[in-house]
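# Residue-level structure breakdown
Here's the letter readout for the chains.
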Amino acid sequence: CYFFFFSSRRRHTRFLPVSWARRCVQETGLECFAIGMIFPGGARRKYFTKEFLSSHYGLEHQKEFGTELENGGYPDMGSGRYAQSLTYKAWVEFNKAQRVHQNFIEVITIIIALLVLCGIRHPVFATAFGVVFFVGRLFYLSYLSDKGASSILRMLGALLTMISVLALFGGTISAGIEITQVK
């Protein structure tokens, strides 16, 4: 698989192997799985068990839909009807996991675009800062700890995330200038 781009230095088109892009997509996919499935999914499986849901809403669900409730508590995202029956501590922990996931969703589109656009001309740079972003997001997960937002690791994770976004943005601008520069 090759990525097509215009090379202003040689005044002709050329093809760049996209193995770097595959690595970026794989690392982003791993991160999506970790942050999107494992952490909020773990909290969901912990608090919205079949027993919990059946004891609180089983009869009502059976009456309205004619089926048994499944574990997981969907479509509740932390502030719905099922979450109202959680203890305060369980509600806070579940919502922290949801917030980490939501924060990731808010930035993933930007990161993927920056990785691809920056990587056109600076594949090693893009991959390196993609890894920095990934590590920063893993540190950011310490928000789920008892210290919450005041966790040093969370602050370091937020800093690494912002540094990587800004570096990739700069690399994307640089790539755009190099590609469009006519000699």
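Within each chain, residue numbers correspond to sequence positions counted from 1 in written order. Side-chain atom pairs in this predicted model are given and counted only at pLDDT of 80 or more, local residue features only at pLDDT of at least 70, and totals for whole chains, interfaces and linings cover all residues. Side-chain measures were taken over the full set of non-hydrogen atoms in the model, leaving aside hydrogen atoms and water.

Attention shifts here to the nonpolar core. Soluble globular proteins tend to pack their nonpolar side chains together in the buried interior. Residues grouped as a nonpolar core are buried Ala, Val, Leu, Ile, Met, Phe, Trp, Tyr and Cys residues, joined through side-chain atoms within 4.5 Å. For every residue, the accessible area (1.4 Å probe, protein chains only) is compared with the maximum for its type, and the residue is labelled buried under 20%, exposed over 50%, or partly exposed between those bounds. If you look at the biggest cluster of nonpolar residues, it comprises 13 residues, and the most contacted ones within it are Y47, F48, L53, Y82 and L86. Starting at the N terminus, helices and strands are each numbered in turn, a helix being any DSSP run of H or I of at least four residues and a strand any DSSP run of E of at least two. Counting only elements with at least two residues in this core, the list comes to α1 (19–47), α2 (50–65) and α3 (88–119). Whether two residues are in contact is decided by their heavy atoms, any of which lying within 4.5 Å being enough. Setting aside its immediate chain neighbours within four residues, Y47 contacts F52, L86, A90, E93 and F94. Of all hydrophobic cores here, the second largest spans nine residues; its members include V107, L115, C118 and F133.

Counted as salt bridges are all cases of a side-chain nitrogen of Lys or Arg within 4 Å of a carboxyl oxygen of Asp or Glu. Tallied over the full model, the rule gives six salt bridges. When the shortest N-O distance is used, the salt bridge between K50 and E68 registers 3.5 Å. Taken together, the residues span a long stretch of sequence, with K50 in helix α2 and E68 in the loop between α2 and α3 at a distance of 18 residues. Residue R121 pairs with E178 through a salt bridge whose shortest N-O separation is 3.2 Å. On the criterion of sequence distance, the pair formed by R121 in the loop between α3 and α4 (123–140) and E178 in helix α5 (residues 152–180) is long-range, its members being 57 residues apart. As far as burial versus exposure is concerned, R121 and E178 are alike and both buried.

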